[in-house]
Amino acid sequence: MSTDPTDTAPADAVIIPHYNDLPRLERCLLALRENDLTATEIVVVDNNSPVSLDTMRQAFPKVRFVVETQKGAAHARNRGVAETRAPRLFFIDADCVPAPDWLSVGRQVADQADLIGGRVDVFDETPPPRSGAEAFEAVFAFNFRRYIEVQGFSGAGNLLTRRDVFDAIGGFINGVSEDREWTMRAVARGYSLIYRDDFRVSHPSRQNWPALKAKWRRTTQEAYLLHGTNAAARMRWAIRGLAMPASAIVHTPKILTSDKLTSAGETSRAVITLFRLRCQRMIWMLRQAAGGDI
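Counting starts from 1 at the beginning of each chain's written sequence and moves along it residue by residue. Reporting of local features is limited, given that this is a predicted model, to residues whose pLDDT is at least 70; pairs of side-chain atoms are given and counted only at 80 or more, and all residues count toward the totals for whole chains, interfaces and linings. Calculated side-chain values reflect all of the structure's heavy atoms, with hydrogen atoms and water omitted.

A. View of a positive patch on the surface. Within this analysis, patches are made of residues with over 30% relative accessible area and no salt bridge. Like charges are joined at 9 Å or less; nonpolar side chains (Val, Leu, Ile, Met, Phe, Trp, Tyr) at 5 Å or less. A 1.4 Å probe and the Shrake-Rupley method give the accessible areas. Residues count as covered only by the protein chains that appear here. Salt bridge criterion: a side-chain nitrogen from Lys or Arg within 4 Å of a carboxyl oxygen from Asp or Glu. His is not counted here, nor are the chain ends, while Lys and Arg score as positive and Asp and Glu score as negative. A charge is said to be at NZ when it belongs to Lys, at CZ for Arg, at CG for Asp and at CD for Glu. Where like charges cluster on the molecular surface, the positive patch consists of K213, R217, R276 and R287. Summarising the element assignment, R276 is placed in helix α12 (residues 264-289). The class for R276 is partly exposed, based on a relative accessible area of 46%. A run of H or I in DSSP counts as a helix once it spans at least four residues, and a run of E counts as a strand once it spans at least two, with each numbered from the N terminus. We call a residue buried when its accessible area falls under 20% of the maximum for its residue type, exposed when it is over 50%, and partly exposed in between, using a 1.4 Å probe and counting protein chains only.

B. Summary view of the side chain of Q288. With respect to the helices, strands and loops of the structure, Q288 is situated in helix α12. Within 3.5 Å is the distance limit for a polar contact, defined as a pair of N or O atoms, with the added protein rule that one can donate a hydrogen and the other accept it, and that residues adjacent in sequence qualify only through two side-chain atoms. Here the side chain of Q288 touches Q221 through a polar contact of 3.3 Å, side chain to side chain. With residues up to four places along the chain from it excluded, the contact list for Q288 reads T220, Q221, Y224, R234, W237 and I294. Two residues form a contact once any of their heavy atoms are found within 4.5 Å.

C. Molecular detail of helix α9 (residues 209-227). Multiply 1.5 Å by the residue count of a helix minus one, and that product is the helix's expected span. For α9, which comprises 19 residues, the first-to-last C-alpha distance of 26 Å matches the rise-based estimate of 27 Å (1.5 Å per residue) to within 8%. Of all the positions in α9, only W209, L212, K215, T220, E222, A223 and Y224 are classed as buried. Lining the buried residues of α9 we find α5 (132-140), α8 (178-188), α10 (231-242) and α12. N-capping of α9 is provided by N208, with a side-chain oxygen placed 3.0 Å from the backbone N of A211. Positive backbone phi, approximately 105°, marks G228, located one or two places after α9.

D. Molecular detail of the pattern of salt bridges. Considering all chains together, one arrives at 26 salt bridges under this definition. For E178, the salt bridge is made with R77, and the minimal N-O distance between the two is 2.7 Å. Pair noted here: E178 is in helix α8 and R77 is in helix α3 (residues 73-83), with a separation of 101 residues, a long-range link. Of the residues examined, R77 reaches a relative accessible area of 3% and is grouped as buried. Where E222 meets R218, a salt bridge forms, and the shortest distance between an N and an O atom there is 3.6 Å. A residue pair is termed a helical-turn pair when its members lie 3 or 4 positions apart in one helix, as E222 and R218 do in helix α9 at four residues.

The structure is reproduced here in structure tokens:
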């Protein structure tokens, strides 16, 4: 199985943005090796990491490594599209692990829609018992079915589209939630978006409160910019922020009935983390609505 585009004209391009996380990138690329890589080009777009990629280049000689100096996953993904020529585009993040049939399933379902997002399972990188952050992520992280079927967008950690769609829509925009904005832009232009549960990758859970807090601080900042910053938008944002603690009450039953948690301790830690995070998000959102920084 070869990823050399000179062997056969590439039908599929796998685009992987990366920054300073070589162990997880290696795990991602090793998992890709288990896929059928016929007529597939793989490009890793490094966002100018402070570590050398030489060992990765030696370990994966048929993977292309390019450096994008403009910071941000949006710039890295756009560079990846520009560096490839295949008509089908598979997006995955460097810390995700594709299933052994990820590419095969993608090829089988590619004609069903213009954009296809799939399942993202969560796994722990630490031994049990789970921390509060890990327990929270086990229940709530990466609900791509809801993102796609209810909210009308997909993440780019597991996304399949075509080059002609990308060319028509334009690239990802840095500084906002770039994958959400891009897929919503595509849907608004009339392109179809569906969810496929058999199109699978997995992603490690955040291990502790600082990691979980950093994730949600970033997504809260991106979501604020996406929803607008004029006076009316800030008022709506403040109302949403004030509702955050109440939303924790609403979502507590999801934790209490989850079959993903294995002990009362994990359940209680997940509930505590849920309330802690929603209260933190309320503070951030009210600061943003007031015109300040979080």
